Amino acid sequence: ATIATTLKRLYGPRTWHSHGEPLDELIATVLSQHTSDINTERAFRSLKARFPEWEQARVAPVGEVADAIRSGGLAQIKAPRIQRILDILLHDHGDLTLDWIVPLSLKDARAGMTALPGVGPKTASCVLLFSLGLPAMPVDTHVHRVSLRLGIIPPKTSADAAHALLESLIGEDRDAVYALHLNLIAHGRAVCTARNPRCDTCPLQVCCDDFRNRTHPERDRAMAGPAPRP
């Protein structure tokens, strides 16, 4: 609670809103794997411009789909993966939709999502949270790093295992999960960076395992107090 409250004060309140249609979010998240947000958006726009309907992308020659998403990187891997996802949805659910997930529990919804090719816990959680409003915590590199350093999750916890651990700690409040996810990312980018984290200015020092366990000259000076007068 202290961490969530401090991050909220730093980066502002966040209220959940749907980021778009679930299938759109799923395809965009597949495109986002191993590339930047800018490249993801460019590739998704190009894909939708070439194939306004997902059925068109499903039946198109795979090379055309790859050409459409080339700006997102790994096009030769992602194009057949996207088509395979679309094929499975049509075959198993009779339509190119993720509406079948809506009535499911979070556990069952995640299981259904991760059964799709190339959809791991992070991709599934992005769709479940951002589009469907289920209290799923996507664990990207920032969320994972900051959670480990703070001690929210045990040392050496993998990113995949961190999803369920973080969700069990936060509970089923969708807005709380959404806010903490976005604020952990913001903190990982602005303060708790991968290299040279700004520990001296971090307001989470008091509850940070990493700060307590590492050697920090600025912390040691503060704890020692002013130097004695000669």
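Look up: the structure comes first, before these words.
The notes below deal with the structure included here. The numbering scheme is per chain: residues are counted from 1 as the chain's sequence reads. Predicted model: local features are reported for residues with pLDDT of at least 70 only, side-chain atom pairs are reported and counted for 80 or more only, and whole-chain, interface and lining totals are derived from all residues. Values shown for side chains rest on all heavy atoms present in the structure; no hydrogens or waters enter the calculation.

Now for the environment of A68. Mapped onto the elements of the fold, A68 is located in helix α5 (residues 62-68). Exposure classes here rest on a 1.4 Å probe applied to the protein chains alone. A residue is buried below 20% of its type maximum, exposed above 50%, and partly exposed in between. Residue classification places A68 among the buried residues on the basis of a relative accessible area of 1%. In this structure the C-alpha to C-alpha distance between A68 and L23, which are 45 residues apart in sequence, comes to 18 Å. If we skip the residues at most four places from it in the chain, A68 touches A43, S46, L47, R50 and F51. In DSSP terms, a helix is any run of H or I states spanning at least four residues, a strand is any run of E spanning at least two, and both are numbered starting from the N terminus. We call two residues in contact whenever any of their non-hydrogen atoms come within 4.5 Å of each other.

We now examine the environment of A43. Among the secondary structure elements, A43 is positioned in helix α3 (residues 37-50). The exposure class assigned to A43 is buried, which follows from its relative accessible area of 0%. The sequence separation of A43 and D92 amounts to 49 residues, and the corresponding C-alpha distance is 27 Å. Excluding residues within four positions of it along the chain, A43 makes contact with L31, A68, I69, S71 and G72.

Moving on, we get to the environment of A111. For A111, the position within the fold is in helix α7 (residues 106-114). Between the C-alpha atoms of A111 and P121, which are 10 residues apart in sequence, the distance is 9.0 Å.

Moving on, we come to the nonpolar core. Here, the term nonpolar core denotes a set of buried Ala, Val, Leu, Ile, Met, Phe, Trp, Tyr and Cys residues that are joined through side-chain atoms within 4.5 Å. In terms of nonpolar packing, the biggest core is built from 37 residues, with L26, L47, W54 and M113 touching the most fellow members. Elements with a contribution of two residues or more to this core: α2 (22-32), α3, α4 (54-59), α5, α6 (75-93), α7 and α8 (121-131). If you tally residues by element for this core, the top one is α6, at 7 residues. Leaving out residues up to four positions away in the same chain, M113 has contacts with L26, L98, I101, V119, A124, V127 and L128. If you look at the next biggest cluster of nonpolar residues, it comprises 27 residues, including C126, L129, M137 and C207.

Another point: the pattern of salt bridges. The term salt bridge refers to a side-chain nitrogen of Lys or Arg lying within 4 Å of a carboxyl oxygen of Asp or Glu. Enumeration over the complete set of coordinates arrives at 7 salt bridges. A salt bridge links R189 to D37; the shortest N-O distance between them is 3.9 Å. With R189 in helix α11 (residues 174-190) and D37 in helix α3, the pair connects residues that are 152 residues apart, well separated along the chain. Taking the relative accessible area as the measure of exposure, R189 reaches 52% and is therefore exposed.

Aromatic contacts are taken between Phe, Tyr and Trp rings whose centres are within 6.5 Å, Trp giving its six-membered ring; a plane angle under 30 degrees counts as stacked, one over 60 as edge-to-face, and the others as tilted. Inspection of the entire model under this criterion finds 2 aromatic pairs. Ring centres of F44 and W54 lie 6.2 Å apart, and the angle between their planes is 50 degrees; on these two criteria the pair is classed as tilted. Highlighted residues: F44 in helix α3 and W54 in helix α4, separated in sequence by 10 residues. Overall, the relative accessible area of 18% leaves F44 in the buried class. A residue is classified by how much of its surface remains accessible, and W54, at 8% relative accessible area, is buried. With a centroid separation of 6.1 Å and an interplanar angle of 80 degrees, the aromatic rings of F130 and Y178 are classed as edge-to-face. Highlighted residues: F130 in helix α8 and Y178 in helix α11, separated in sequence by 48 residues. We call a charge positioned above a ring when the Lys NZ or Arg CZ atom is no farther than 6 Å from the ring centre and deviates by at most 35 degrees from the ring normal. Its end group placed over the ring of W54, K48 keeps NZ or CZ at 4.4 Å from the ring centre.

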